[in-house]
Amino acid sequence: MSTDEAQRLRRLTHADRKHLWHPFTPMDEWEREDPPLVVERGEGAYLIDVEGNRYLDGVSSLWVNIHGHRKEEIDEAVRAQLGRIAHTTQLGMANPAAIELAEKLTRIAPAGLTRVFYSDSGATAVEIALKMAFQYQKQRKDPKPEKDRFLTLNLAYHGDTVGAVSLGGIDLFHHIFGPLLFQTMRAETPYCFWCPRGAAHPPCSVCSGDEITHHIAENAPHLAAVVVEPMVQGAAGMIVQPSGFLRKVREACAEHDVLLIADEVATGFGRTGPMFACEHEGVAPDILCLAKGITGGYLPLAATLATEEIFDAFRGPPETGRAFFHGHSYTGNPLACAAALANLEIFEREDTIQNNQAKITHLWSELERLKASPRVGEVRGLGWMVGVELLKEKATKEPYTPAERKGRAVTLAARRRGLAVRPLGDVVVLMPPYCVTNEEISRMVEVLEESIREACAAD
Ligand SMILES: *Cc1c(COP(=O)(O)O)cnc(C)c1O
């Protein structure tokens, strides 16, 4: 590192600590620790900091990056759009990129989702889904205004705006806002490793979907919708639903006249293997929430897709006030839509979903070796989504205490070895961008193994 670079890092670190407020971050700890990783550039699967150090981007820049950084076709699409216009409103006008993207999304989405409503983050995609479902029940052909509540899973995460937090079930994030939230109904999450019933899997009524089916049947007269993260509950720690669960939820919703909202903000765009996680179970939701990977990890964009039947409930003369009164200043932003279009074109041209298969297989065969560690309780996930749950004592299933900050310690050790990852509590997450090579995958797992050994050695 030259003295200029060292000076620059010192100056940036000082200004960061003076003026920034980082998300989900205990800021005291942030200020005390080593200088932050200040990322200036990216290249494929690598992040490059202001000193020129390279780090494998082990969590795809918080689950958003798809084909890698500086992907030429996406760079070019954004530049070309910039040469036309950066932003124009969706209120009272339209733009080609948003139109073409809507066509494309409805073509690749599960069957029946014909309408696209844009916003700019996963949380807003979920807020929109909630409001759509709520208003739909009041305005449908056979109005059901008493269907005004939502059923979600324990440990759910749907974003950080107040409506999304109302659906959430992660105490650490959500508890303090309790008085601000609307009430939701809860079903148990199938989470065998920490099974709330102490039951073996299978058979168990939570895992089989019988329990949630019962909830849906019982509460149907008051339920507008069930909201799920299909197949993988990401933020909860990469909890994977047993096969058949999602299908059961879909069938129960259909049978009892309850909408199914699938939040594929994390799982969408190939993250679990197929383009959408719903495909694992041959399920089509009534409303689909997309964000994170939609632009390839380039720009903030989200989409809430709905069926024509839902859309039709919002038709009527203007004076009846049946329209969907929701929108954001940057709804349908052309730059973001251009990036998303280029992202989806790469999926087609490079046959990404098919080509990912071999890498995913390699990833899971490499992960096998972590299972031998006395500090690893479970390695779980689906496709590119991996959670490594640390334990203080594997034999007795004794967890670390939050004060030990063990997940964080492992990620700091990984960073010293050139791997950027971020934990969810004591679950270390790995979610590489799809451009990684098998060698880079092996290196990521090797670094995780070494970092767990180092950070957990004395326990
Ligand atoms: C990340 C995430 C969200 C929130 O997305 P933001 O873009 O951060 O608002 C919502 N749902 C799921 C399942 C997520 O993983």
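Our subject is the structure listed above.
Residues numbered from 1 in each chain as written. Predicted model: local features only at pLDDT ≥ 70, side-chain atom pairs only at ≥ 80, totals over all residues. Heavy atoms only, no water.

### Points about the site of the ligand
Reasoning step 1: Inspection of the region around the ligand gives Trp63, Ser121, Gly122, Ala123, Tyr157, His158, Gly159, Glu229, Asp263, Val265, Ala266 and Lys292 as its neighbouring residues.
Reasoning step 2: Backbone polar atom of Gly122 to an oxygen atom of the ligand: 2.7 Å apart, as the coordinates give it.
Reasoning step 3: The side chain of Asp263 places a nitrogen or oxygen atom 2.6 Å from a nitrogen atom of the ligand.
Reasoning step 4: Protein contact buries 82% of the 380 Å² of open area that the ligand shows by itself.
Reasoning step 5: Among the residues making up the shell around the ligand, the classes are represented as 5 nonpolar, 4 polar and 3 charged. (Near = heavy atom within 4 Å. Polar contact = N/O pair within 3.5 Å; in protein donor to acceptor, adjacent residues only side chain to side chain. Areas by Shrake-Rupley, 256 points an atom, 1.4 Å probe, with all protein chains shown as cover. Nonpolar A, V, L, I, M, F, W, Y, C, P; charged D, E, K, R; others polar.)

### Observations regarding the sheet that holds strand β14 (residues 385-390)
Reasoning step 1: Read from one edge to the other, the open sheet built from 4 strands follows the order β13-β14-β17-β16, with strand pairing classed as antiparallel. Both edges of this open sheet fall to β13 (376-382) and β16 (423-424), since each of them pairs with a single strand only.
Reasoning step 2: Sitting on the sheet, helix α13 (residues 352-367) is in contact with β13, β14 and β17 (427-430), with an inclination near 170 degrees to β13.
Reasoning step 3: Contacts between helix α15 (residues 438-456) and the sheet are confined to β13, β14 and β17, with β17 contributing the most and set at about 165 degrees to the helix. (Pairing = 2+ DSSP bridges. Helix = DSSP H or I, 4+ residues; strand = E, 2+ residues; numbered from the N terminus. Contact = heavy atoms within 4.5 Å. Axes fitted to C-alpha atoms, helices over the stretch in contact; angles between N-to-C directions.)

### Focus on the environment of Val436
Reasoning step 1: Along the polypeptide, Val436 turns up in the loop between β17 and α15.
Reasoning step 2: Residues within four places of Val436 in sequence aside, it is in contact with Ala45, Lys359, Trp384, Ile441 and Met444.

### Some points on the pattern of salt bridges
Reasoning step 1: Tallying each qualifying case throughout the model produces 32 salt bridges.
Reasoning step 2: When the shortest N-O distance is used, the salt bridge between Arg140 and Asp257 registers 2.9 Å. A residue pair is termed long-range when its members are at least 10 positions apart, and Arg140 in the loop between α6 (122-139) and β5 (149-153) and Asp257 in the loop between α10 (245-255) and β10 (259-263) qualify at 117 residues.
Reasoning step 3: Using a relative accessible area of 31% as the deciding quantity, one classes Asp257 as partly exposed.
Reasoning step 4: Glu251 is the salt-bridge partner of Arg247, the closest N and O atoms lying 3.0 Å from each other. Here Arg247 and its partner Glu251 are both found in helix α10, 4 residues apart, which amounts to about one turn of the helix.
Reasoning step 5: You can call Arg247 partly exposed: its relative accessible area is 32%. (Salt bridge = Lys/Arg side-chain N within 4 Å of Asp/Glu carboxyl O. Buried < 20%, exposed > 50% of the residue type's maximum accessible area, 1.4 Å probe, protein only.)

### Thoughts on the packing of aromatic side chains
Reasoning step 1: This model, assessed by the stated rule, comprises 7 aromatic pairs.
Reasoning step 2: Here Phe150 and Phe182 contribute two aromatic rings whose centre-to-centre distance is 6.2 Å and whose plane-to-plane angle is 45 degrees, an arrangement assigned as tilted. Linking Phe150 in strand β5 with Phe182 in the loop between α8 (171-174) and β6 (185-187), this pair joins segments that are 32 residues apart in sequence.
Reasoning step 3: Centroid distance Phe269 to Phe276: 5.5 Å. Interplanar angle 65 degrees. Geometry classified as edge-to-face. The same class applies to Phe269 as to Phe276, namely buried.
Reasoning step 4: In this structure an aromatic cluster arises from ring pairing among Phe117, Phe314 and Phe324.
Reasoning step 5: Positioned above the aromatic ring of Trp194 is the side chain of Lys397, whose terminal nitrogen or guanidinium carbon lies 5.3 Å from the ring centre. (Phe/Tyr/Trp six-rings, centres within 6.5 Å; stacked < 30°, edge-to-face > 60°. Lys NZ or Arg CZ within 6 Å of the ring centre and 35° of its normal.)

### Overview of the nonpolar core
Reasoning step 1: Of all hydrophobic cores here, the largest spans 84 residues; its most connected members are Leu101, Leu105, Tyr118, Val226, Phe269 and Val388.
Reasoning step 2: Counting residues per element, this core draws most heavily on α15, which supplies 8 residues.
Reasoning step 3: Excluding residues within four positions of it along the chain, Leu105 makes contact with Val116, Tyr118, Phe269, Leu290, Ile294, Ala303, Leu305 and Leu344. (Core = buried A, V, L, I, M, F, W, Y, C linked by side-chain atoms within 4.5 Å.)

Function-wise, these values are silent; they only describe arrangement.
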